[in-house]
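Take a look at the letters that make up each chain.
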Amino acid sequence: MNCEEFSLPLKTPLSTAGGDIRERRGFAVRIGGGVGEATPLPGWTESVEECREALSGIEDPDAALATLDDRPAARHAVSLALADGAARERAVPLSRHLGGDEDLTGTVAVNATVGDGSPEGSAAAAREAVESGFRTVKCKVGARSVESDLKRIRAVREAVGPGPAIRVDANGGWSREEAEHALDGLAEFDIALVEQPLSADDIAGHRELPRRIPLALDESLAGHTPDEIEGVADVADVFVLKPMALGGVDRVVEVGSRLRAEGVGVVVTTTIDAVIARTGAIHAAAALGIERACGLATADLLAADLAPDPAPVRAGTVAVPRGPGLGTDGPWTGGGADA
Ligand SMILES: O=C(O)CCC(=O)c1ccccc1C(=O)O
Ligand SMILES: [Mg+2]
């Protein structure tokens, strides 16, 4: 197993109710012919230091999968590298290796991600996204007062017109009272989804919220196993599945197919990952055959990346790479530095 540390700055920090994300540090991992990535995000996964330690202690990658439940980013890297290697060996795209139906896995719809900001700035970012073809725009909320978020979202709806879907993501920033006030006020803007209104551990509060606007859980799922997630399947309309926070694309496909079989909605999103993990998330979304827009349009938030993007966003859609495995090319393929 080969492990290389990286640090990638964002073009501009992504402001959320959970704080600003300024850079993404992580590890590109190679196991045999496959590549994986661990890009820990404090609050969602283990720390970078814990991740480094977990990765450096791995002797048998296959066996490690069963021991890394509390190190989801490290488990993500190992499971992705193993799955990529196996898919390359079978000469099938990772989406198909993960169980996807080849006929279903052509493209994945994605949403634009708009950070917290002024009403004018948010409206301009949303309009620009819609002009470039996005049909769904997700706006961060909960970093300022409910009243000022309502002003922002009004400005966003006015800027994009009635057609595009608008989601809001509070990243757990609201109290129960604030959430009820916000949900009341948002009703007039035809909001498609409200993501994680309350703190991660407040499952009871989420269960009691009015569901006038469909509800999604995100932070509440981080670090939890498929069984644990299935245990709260009644709490929300949509589950946000982040491969990095759930321990890998295998876990996401497992829990995602179980939830979908129960009639629960799912989306797959990144934690603003580098190209390896982002492409893995695209394959996971494709394997699940998700039609809802997924939060995978995050490459443009990064000022640099590890390798060329095999699945760039075009008009709110990504084409799933059709080559073997992830379909990424980088220093790890074809005679790179340590190949
Ligand atoms: O879902 C998206 O649009 C992009 C991903 C995103 O918003 C995000 C990125 C990093 C950490 C947390 C989150 C989140 O969904 O809360
Ligand atoms: Mg979220």
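None of these values were measured; they are calculated from a predicted model.

Thresholds applied
Residues numbered from 1 in each chain as written. Chains lettered and ligands numbered in written order. Predicted model: local features only at pLDDT ≥ 70, side-chain atom pairs only at ≥ 80, totals over all residues. Heavy atoms only, no water. Helix = DSSP H or I, 4+ residues; strand = E, 2+ residues; numbered from the N terminus. Buried < 20%, exposed > 50% of the residue type's maximum accessible area, 1.4 Å probe, protein only. UniProt positions renumbered as here; feature names shortened; annotations may be inferred. Pairing = 2+ DSSP bridges. Right-handed = clockwise from strand over helix to strand, strands pointing away. Near = heavy atom within 4 Å. Polar contact = N/O pair within 3.5 Å; in protein donor to acceptor, adjacent residues only side chain to side chain. Areas by Shrake-Rupley, 256 points an atom, 1.4 Å probe, with all protein chains shown as cover. Nonpolar A, V, L, I, M, F, W, Y, C, P; charged D, E, K, R; others polar. Domains from an automatic or database assignment. Core = buried A, V, L, I, M, F, W, Y, C linked by side-chain atoms within 4.5 Å. Contact = heavy atoms within 4.5 Å. Axes fitted to C-alpha atoms, helices over the stretch in contact; angles between N-to-C directions. pLDDT = per-residue confidence, 0-100. Salt bridge = Lys/Arg side-chain N within 4 Å of Asp/Glu carboxyl O.

A few points about the environment of A91
Phase 1: Mapped onto the secondary structure, A91 falls in the loop between helix 3 (72–90) and helix 4 (94–97).
Phase 2: You can call A91 exposed: its relative accessible area is 55%.
Phase 3: For the pair A91 and G323, spaced 232 residues apart in sequence, the C-alpha to C-alpha distance is 7.6 Å.

Thoughts on the UniProt feature "domain: Mandelate racemase/muconate lactonizing enzyme C-terminal" (unreviewed entry) in the chain
Phase 1: The UniProt entry lists residues 119–216 under the feature "domain: Mandelate racemase/muconate lactonizing enzyme C-terminal" (unreviewed entry), expressed in the numbering used here.
Phase 2: Spanning residues 119–216, this segment combines 46% helix with 17% strand, and its end C-alpha atoms are found 24 Å apart.

Examining the pairing of strand 8 (residues 191–195)
Phase 1: Taking burial as the measure, the five residues of strand 8 include four buried ones, the bulk of the element.
Phase 2: By the bridge criterion, four bridges tie strand 7 (residues 165–169) to strand 8 in an arrangement that is parallel. When the sheet's bridge partners are listed, I166 is paired in strand 8 with I191.
Phase 3: Direction of pairing for strand 8 relative to strand 9 (residues 215–217): parallel, over a ladder of two bridges. Looking across to strand 9, one finds that V194 is bridged to L215.
Phase 4: Between strand 8 and its parallel partner strand 9, the chain crosses via helix 8 (residues 203–208), and the hand of that crossover is right-handed.

Brief notes about the site of ligand 1
Phase 1: Around ligand 1 lies a shell of 18 residues, among which N111, T113, K138, N171 and K242 are the nearest.
Phase 2: T113 is positioned such that a nitrogen or oxygen atom in its side chain is 2.6 Å from an oxygen atom of ligand 1.
Phase 3: In this structure, an oxygen atom belonging to ligand 1 sits 3.1 Å away from a side-chain N or O atom of K140.
Phase 4: Taken by itself ligand 1 offers 370 Å² of open surface, and the protein chains cover 98% of this.
Phase 5: For the shell around ligand 1, the per-class residue count stands at four nonpolar, eight polar and six charged.
Phase 6: Residues from two domains meet in the shell around ligand 1; each of domain 1 (2–93) and domain 2 (102–319) gives at least three.

Some remarks on the nonpolar core
Nonpolar side chains tend to gather and get buried jointly when the protein is soluble and globular.
Phase 1: Ranked by internal contacts, the top residues of the largest apolar core, which has 95 residues, are V108 and F239.
Phase 2: With nine residues, the top contributor of residues to this core is helix 12 (residues 275–288).
Phase 3: Both of domain 1 (2–93) and domain 2 (102–319) provide at least three residues apiece to this core.
Phase 4: Excluding residues that lie within four positions of it along the chain, V108 makes contacts with I282, A285, A286, C294, L296, G316, T317, V318 and V320.
Phase 5: Residues V48, C51, A73 and A77 belong to the second largest nonpolar core, which totals 19 residues.

Quick notes on the UniProt feature "binding site: Mg(2+)" (unreviewed entry) in the chain
Phase 1: Within the UniProt annotation, "binding site: Mg(2+)" (unreviewed entry) is assigned to D169, E195 and D218. A maximum C-alpha distance of 9.2 Å is found for the annotated residues, which run over 50 residues; spatially they form one tight group.
Phase 2: Within the secondary structure, D169 sits in strand 7.
Phase 3: On the accessibility criterion, D169 (0% relative accessible area) is buried.
Phase 4: Aside from chain neighbours lying at most four places away, what touches D169 is K138, C139, K140, V141, E195, Q196 and D218.
Phase 5: Here the side chain of D169 touches K138 through a polar contact of 3.0 Å, side chain to side chain.
Phase 6: For D218, a relative accessible area of 3% gives the class buried.
Phase 7: Aside from chain neighbours lying at most four places away, what touches D218 is W44, D169, E195, Q196, V240 and K242.

Here's the deal with the sheet that holds strand 1 (residues 2–16)
Phase 1: The antiparallel open sheet is built from three strands, whose spatial order is 1-2-3. One side of each edge strand has no neighbouring strand; the edge strands of this open sheet are strand 1 and strand 3 (34–38). Here the strands of the sheet are splayed against their neighbours by 25° on average, with no regard to which way each runs.
Phase 2: As paired strands, strand 2 (residues 19–31) and strand 3 are joined by five bridges and run antiparallel to one another. Its bridge partner lying in strand 3, F27 is registered against A38.

Concerning the confidence of the model for the chain
Reading fine detail from the predicted coordinates is not recommended where pLDDT is low.
Phase 1: Predicted confidence across the chain gives a mean pLDDT of 95, with 98% of residues reaching 70 or more.
Phase 2: Throughout residues 335–339 the model reports pLDDT below 50, and contacts reaching past four residues in sequence, or to other chains, amount to six contacts.

Topic: the pairing of strand 1
Phase 1: Summarising the sheet, strand 1 and strand 2 pair through 11 bridges and their orientation is antiparallel. Note that in strand 2 the partner of C3 across the bridge is V29.
Phase 2: Hairpin connection from strand 1 to strand 2: two residues lie between these consecutive antiparallel strands.

So, the pattern of salt bridges
Phase 1: Summed over all chains, the structure comprises 26 salt bridges.
Phase 2: Put simply, K140 and D169 hold a salt bridge, and the shortest N to O gap is 3.0 Å. Here the residue K140 occupies a position in strand 6 (residues 136–140), and D169 occupies one in strand 7, the gap between them amounting to 29 residues. Across this residue pair, the class does not change: K140 and D169 are buried.
Phase 3: The closest approach of N and O atoms between R154 and E188, which form a salt bridge, is 3.3 Å. In this pair, R154 is assigned in helix 6 (residues 146–160) and E188 in the loop between helix 7 (176–186) and strand 8, connecting sequence segments 34 residues apart.
Phase 4: Take R154: its relative accessible area is 36%, and that puts it in the partly exposed class.
Phase 5: Taking the relative accessible area as the measure of exposure, E188 reaches 56% and is therefore exposed.

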